[in-house]
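Chain by chain, the residues:
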Amino acid sequence: MIAPSITLFQAAVNPNLKRKEASARWGEAMVCIMNLRTEFPLLAQTDLIYLDSAATTQKPQAVLDEMEKAYRECNANVHRSPHALGREMTRRYEAARAEAAAFFGAGEDYQVIFTSGATDALNLAARSFLEGFGAPGRQVIVLLSEHHSNFVPWQQLCCRRGMALRVIPVGEDGRPDLGELAKALTRKTCIVAAAHVTNTFGVENPVEEIVRLAHAQGVPVLLDGAQAAAHRPVDVGALGCDFYCVSAHKLYGPTGIGALIARKQWLEAMPPVSFGGEMVDRVTVEETRFAPLPARFEAGTPNYIGAVGFARALSWLTDQGMEQVSRREQALARLLWEEVRRIPGVVLPLDRCPDTGILSFLLPPLSPYDAALLLDKQGIALREGLHCAHPLMRAMGLPQGTVRASLGIYNTEEDIERLCTALRRISAAF
Amino acid sequence: MTIQEQQREYADRFAALPDDFDRYTLLMQMAMESPGLPEEEKGEGSRFPGCRSNLWYRLEEEGGRLRLLTDSDTLIVKGLAALLADLVTGRTPAEVASAEIGVFDALEIDMALTPERREGFARLVELVQRRAGELAG
């Protein structure tokens, strides 16, 4: 391990630095010497090589502690509570919202709405936005490479509303054809929906360009950030997108909580689509007056403990330094790609270095399922199949999908070496 | 050799291997060596509907003996199906219908399969034995 220079530590403890930058400097220093695996209790007690972080991430002790502490110290329903427990839980819940806003660069123009995850956020955005702005004859644009959670809601809602779904193809590099996108954008387009990073091949879509093209036509853009948020700094204001959806469980936080981060200008004009307690101001027999943002879109008792865990995961990531995390993971992604593609018998359907730590490959004559089983028997956990991306897989002629290795913050060069050793053993047997 | 004896032979062969990796590899290599079905037969008509992987089969009787041909796009399922085909082919319908086919439990192979595949495979064994029973009269 490389020891950090004194300069890095001195820089990190400079009291004149803002918290985020101080954390970034500190993170840079610490990640040099720390194997983060030890902070994850599940990984610390096993030799398992976990390469399935795109499916879900493992949780650091800090997140587990924060949630347990909230249950132990102040578990109570949030908002409008007359008692001290409720007030404290509400404080922590709203602090979690502020933490999410800061982490994602959501300034005053944006609102963080807590959801049960990215899929819930995507469905909420699609249903509410189209109820407000969709109409028969209008169209929604999505990319062929989308995860089902950012494809099926739009497809189904368009079908039910007499709207068109325009699907932009991807090229051999896995990126969308921007020429086709530009041609597809018309006055009939009401929204463009795209992944920030794809879950199949780790392609970072040219989202700034997508936003520029769409906004030039007055069309808002929704980004599915599920695979991006834990792996690179995200600033929704800088990206300029109108909606950004994330899941906590994909960034070292708990399951059952996520967020829709959206421009207030859109949210104010979008009708709520889920109704009940918490989201109303006044209800009579004849009518209901809805609460202001954000409550209007958070019907029912929220997952407030989950929100606390979510926020702790975000602050934990901030402490690691997202720039450092991103650089390290991109270096590991390159190593993963370079080492795996050299193994005899391995086929990469998309042979380019992934932009993030997600690598899809094949090991013919084995099916992806066969290969994943043999890797499991060698202590390697990863995923196989169509990865909830049937349209892309079909277009690429991959009826059984791929084997997918996906990196998390706890993965190391040694993990990649173990994967390659395991792959070579399989290759030698067939 | 009876069906029971043949199953015991398979179980012993797999148990002699040092680890699960070797057991699965053997099964997959057996799959690659099995004749399978011609491409033109791998359609909806011969597809067994109960399995998550594509599994095709043809069970026929000739001269009082059964012949089972199987194929799959997943080697582990193809290998298990090939074992079943090996147990069944050349035997009388009555023998197959009345046998206790438990080799797959002995192999402990099915524990690695997803529940859908495990259940699907169990239903294939049931189907073959039921059809054998019908052929036996």
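A.B. asks: Where do I start with the overall build of chain B in this structure?
C.D. replies: Within chain B, the secondary structure is distributed over 6 helices and 2 strands. Over its C-alpha atoms chain B spans a radius of gyration of 14 Å, differing by no more than 12% from the 14 Å that the globule rule assigns to 137 residues. By its C-alpha atoms, chain B is 45 × 35 × 25 Å across when sized along the principal axes. Taking as baseline every contact in chain B between residues at least 6 positions apart, the subset at least 24 positions apart corresponds to 61%. Of the roughly 6,700 Å² of accessible surface on chain B, 47% is carried by carbon and sulfur atoms. Here chain B holds 16 positive side-chain charges and 26 negative ones, and the gap between their average locations is 3 Å.

A.B. asks: Before we go on, may I ask you to explain helix H5 (residues 84-103) of chain A in this structure?
C.D. replies: A turn of α-helix holds 3.6 residues, and therefore any two residues three or four places apart point the same way. For H5 of chain A, built from 20 residues, the straight-helix expectation of 28 Å at 1.5 Å per residue is met to within 8% by its first-to-last C-alpha distance of 28 Å. Looking only at H5 of chain A, the buried set comprises Gly86, Met89, Thr90, Arg92, Tyr93, Ala96, Arg97, Ala100, Ala101 and Phe103 of chain A.

A.B. asks: Any chance you could explain the sheet that holds strand S14 (residues 402-406) of chain A here in plain terms?
C.D. replies: Think of a sheet as strands paired side by side through backbone hydrogen bonds, with each pair either parallel or antiparallel. Residues and elements named next belong to chain A. Sheet architecture is open: 3 strands sit in the order S11-S14-S13, paired in antiparallel fashion. The open sheet is flanked by strand S11 (358-361) and strand S13 (383-385), the only strands paired with a single partner. Taking each pair of neighbouring strands and ignoring which way they run, the sheet shows an average axis angle of 25°. Sheet topology places S11 next to S14; 4 bridges connect them, and they run antiparallel. Bridging across to S14, Ile358 finds its partner in Ser406.

A.B. asks: Explanation requested: the pairing of strand S3 (residues 139-143) of chain A in the structure shown.
C.D. replies: For a regular strand, side chains alternate in direction, first toward one face of the sheet and then toward the other. Residue and element names in this part refer to chain A. Within S3, 5 of the 5 residues are buried, which leaves the element mostly enclosed by the surrounding structure. The two faces of S3 match: Gln139, Ile141 and Leu143 on one face and Val140 and Val142 on the other face are all buried. Bridge count for S3 against strand S5 (residues 189-195) is 4 bridges, and the pairing is parallel. Within S5, the residue paired with Ile141 across the bridge is Val192.

A.B. asks: Looking at this model, I keep getting lost on the packing of helix H1 (residues 3-15) of chain B against helix H3 (residues 75-88) of chain B. Mind explaining?
C.D. replies: Think of two packed helices as two axes; the pair is described by the angle between the axes and how far apart they sit. All names here are of chain B. Axis separation between H1 and H3 bottoms out at 10 Å; the angle between their running directions is 145°. In the packing of H1 onto H3, the handedness of the crossing is right-handed. On H3, the residues touching Ile3, Gln6, Gln7 and Tyr10 of H1 are Leu83, Asp86 and Leu87. Within the contact of H1 with H3, the residues separate by chemical class into 4 nonpolar, 2 polar and 1 charged.

A.B. asks: Explain the interface of chain A and chain B to me, please; I cannot follow it from the model alone.
C.D. replies: In many reports, interface size means the accessible area that the parts give up when they come together. With 14 residues of chain A at the interface, the matching set in chain B holds 17 residues. Each partner contributes to the roughly 1,400 Å² buried at the junction of chain A and chain B, and carbon and sulfur atoms together form 66% of this total. In terms of surface lost to chain B, no three residues of chain A exceed Tyr369, Lys377 and Phe430 of chain A, which account for 39% of the buried area on that side. Scanning the region where chain A abuts chain B turns up 3 salt bridges. Across the pair Asp19 of chain B and Arg425 of chain A runs a salt bridge whose closest N-O atoms are separated by 3.3 Å. Counting only elements with at least two residues in the side of chain A that touches chain B, the list comes to helix H14 (368-376) and helix H16 (413-429) of chain A. Per-element tally for the side of chain A that touches chain B: the top contributor is H14 of chain A, with 4 residues.

A.B. asks: What exactly am I supposed to notice about the confidence of the model for chain A here?
C.D. replies: The predicted coordinates of low-pLDDT regions are not to be read in fine detail. Residues and elements named next belong to chain A. Chain-level pLDDT for chain A is 93 on average; 92% of the residues reach the 70-or-more range. Note on residues 1-14: pLDDT is under 50 here. Beyond four places in sequence and across chains, it has 20 contacts. Scored below 50 in pLDDT, residues 29-33 makes 13 contacts in the model with residues more than four places away or belonging to other chains.

Rules used throughout
Along each chain, numbering runs from 1 in the same order as the chain's sequence is written. Following the order in which they are written, the chains are lettered starting with A and the ligands numbered starting with 1. Since the coordinates come from a predicted model, pLDDT governs what is reported: local features require at least 70, and pairs of side-chain atoms require 80 or more to be given and counted, while whole-chain, interface and lining totals use all residues. Note that water and hydrogens are dropped before the side-chain values are worked out from all heavy atoms of the structure. By definition, any uninterrupted DSSP run of H or I lasting at least four residues is a helix, any uninterrupted run of E lasting at least two residues is a strand, and each is numbered from the N terminus. In this description the radius of gyration comes from C-alpha coordinates, and the expected globular size is given by 2.2 Å times residues to the power 0.38. In what follows, residue pairs with any heavy atoms lying within 4.5 Å of each other are defined as contacts. Only the protein chains shown count as cover for residues, and all accessible areas are computed by the Shrake-Rupley method using a 1.4 Å probe. Only four residue types enter the charge count: Lys and Arg as positive, Asp and Glu as negative, with His and the chain ends excluded. Charge positions come from single atoms, namely NZ of Lys, CZ of Arg, CG of Asp or CD of Glu. Helix span is expected to be 1.5 Å times the residue number reduced by one. A simple rule labels every residue: compare its accessible area, found with a 1.4 Å probe on the protein chains alone, to the largest value its type can have, and call it buried under 20%, exposed over 50%, or partly exposed in between. Think of it this way: DSSP has to see at least two bridges between two strands before they count as a pair. Here an axis means a line fitted to C-alpha atoms, over the contact stretch when the element is a helix, while the angle between two N-to-C directions is reported on a 0 to 180 degree scale. By definition, turning the near helix anticlockwise from the far helix through less than a right angle yields a left-handed crossing, and turning it clockwise yields a right-handed one. Each residue gets one label: Ala, Val, Leu, Ile, Met, Phe, Trp, Tyr, Cys and Pro are nonpolar, Asp, Glu, Lys and Arg are charged, and the others, such as Gly, are polar. Summed over both partners, buried area is the accessible surface (1.4 Å probe) that two parts give up on being assembled. The working definition used for a salt bridge is a side-chain nitrogen of Lys or Arg within 4 Å of a carboxyl oxygen of Asp or Glu. Each residue carries a pLDDT score, the predictor's confidence in it, ranging from 0 to 100.

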